[in-house]
Amino acid sequence: MEIVVAQGAGFCSGVKRAVDKAIEASKKAVAVYTLGPIVHNNQVVSKLTENGVKAIENFDDIIENESYLVIRSHGVGPSTFKHAEELGIEIIDATCPFVKKVQRKAKQLYDDGIQVYIIGDPNHPEVIGIKEWTDNTAMVIENKDEINSINIVENAAVVAQTTLREEFFNKIIDKIKEQNENVIIDNTICEATKKRQENTKSLSDDVDLMVVIGGYNSSNTKKLKELASKEGVITYHVETANDLKADWFKSCKKIGVTAGASTPDWTIKEVIEKMKEFENQKQSQESEENKENQ
Ligand code: F3S
């Protein structure tokens, strides 16, 4: 059985930067907090908790003095910075530079009097943050059916959640253009996401089965699973090696592996090791059977 790992699987530069900054801060401060889990991956969150980085719901949960608040790669709106400043909490801004770019664009468009539309998940922290930079005036479009009930005004611009599927973004844009041909389009899907998706897609065409590794709550991992399934290959989404089932691989010769932007290397390695273990078990079982039949 051959196992091929998609290029660029696992931590993207933005997530790695945020995790590194949080660990670095934990060595210096009495306490380090993040508003919500630093990434949508339970294993990374547990590891950071062990290092003293606490994921909290809101500012009321900050109990220690001399603490740092690390802004996650998803970014936040201006009110979080303001609130931290009022409370005298030191901020370590680990917003991914690609997300920062979208926030700045959205703010600029808003300042120029242009109505901003964000294509993405309205409940995702990144989208909530970007929206806040437009004084919450931006409208979020989650799917193309919604566009029938939304009025795309004349002076309008569209940006995207950085982890969207490109094909999905383009479909929504086509629909928006039916209403307003002159809308400003800014495809803000990040390069790391685009590459990861392209590599996942091409690998899916070349293997018998795909394994997508990442948090069950990770939106970019879920999108990789969708993408691979759409290519017609049997695809399983697992969070850790414990979720794998030996039966999946019984008649497979070539397996593709990919992982979301918030999946650490150690989880990818554990999953691959477990798959190799299954293969070894299968081979020894087969040789036992052969001996019996001789
Ligand atoms: Fe940044 Fe793209 Fe990762 S926006 S956090 S590099 S998925």
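The rules we used
Residues numbered from 1 in each chain as written. Predicted model: local features only at pLDDT ≥ 70, side-chain atom pairs only at ≥ 80, totals over all residues. Heavy atoms only, no water. Helix = DSSP H or I, 4+ residues; strand = E, 2+ residues; numbered from the N terminus. Expected span 1.5 Å × (residues − 1). Buried < 20%, exposed > 50% of the residue type's maximum accessible area, 1.4 Å probe, protein only. Near = heavy atom within 4 Å. 1 Å grid on protein atoms, 1.4 Å probe; cavity = no way out; pocket = protein on both sides within 12 Å on 5 of 7 lines; lining within 4 Å. Sits in = over half its atoms within 2 Å of the grid points. Nonpolar A, V, L, I, M, F, W, Y, C, P; charged D, E, K, R; others polar. Domains from an automatic or database assignment. Contact = heavy atoms within 4.5 Å. Buried area = accessible area lost by both parts, 1.4 Å probe. Salt bridge = Lys/Arg side-chain N within 4 Å of Asp/Glu carboxyl O. Polar contact = N/O pair within 3.5 Å; in protein donor to acceptor, adjacent residues only side chain to side chain.

Observations concerning helix α8 (residues 219-230)
Okay, step 1: For α8, which comprises 12 residues, the first-to-last C-alpha distance of 17 Å matches the rise-based estimate of 16 Å (1.5 Å per residue) to within 8%.
Okay, step 2: Of the positions making up α8, those classed as buried are S219, N220, T221, K223, L224, L227 and A228.
Okay, step 3: Looking at the residues trailing α8, positive phi occurs at G232, about 90 degrees.

Re the site of the ligand
Okay, step 1: Near the ligand you find C12, G14, V15, C96, F98, V99, T162, T163, C190 and T193, and these make up its full shell.
Okay, step 2: If you map the ligand onto the pockets, it falls in the largest cavity.
Okay, step 3: Counting only elements with at least two residues in the shell around the ligand, the list comes to α1 (13-28) and α4 (97-111).
Okay, step 4: Within the shell around the ligand, the residues separate by chemical class into 6 nonpolar, 4 polar and no charged.

Some words on the domain arrangement of the chain
Okay, step 1: Domain annotation for the chain reports domain 1 (2-10 + 191-288), domain 2 (13-95) and domain 3 (98-185).
Okay, step 2: The C-alpha centroid of domain 3 is placed 32 Å from the C-alpha centroid of domain 1.
Okay, step 3: Taken together, the 9 residues of domain 1 in the interface contact 9 residues of domain 3.
Okay, step 4: Taken over both partners, the interface formed by domain 1 and domain 3 buries close to 830 Å², and the fraction arising from carbon and sulfur atoms is 45%.
Okay, step 5: Note that R165 is salt-bridged to E226, the shortest N-O span being 3.2 Å.
Okay, step 6: Across the contact surface, domain 1 and domain 3 share 3 residue pairs in polar contact (both at pLDDT 80 or more).
Okay, step 7: Listed by contribution, the elements that provide at least two residues to the side of domain 1 that touches domain 3 are α7 (191-204) and α8.
Okay, step 8: A per-element tally of the side of domain 1 that touches domain 3 places α8 first, with 6 residues.
Okay, step 9: Split by residue class, the side of domain 1 that touches domain 3 holds 1 nonpolar, 4 polar and 4 charged.

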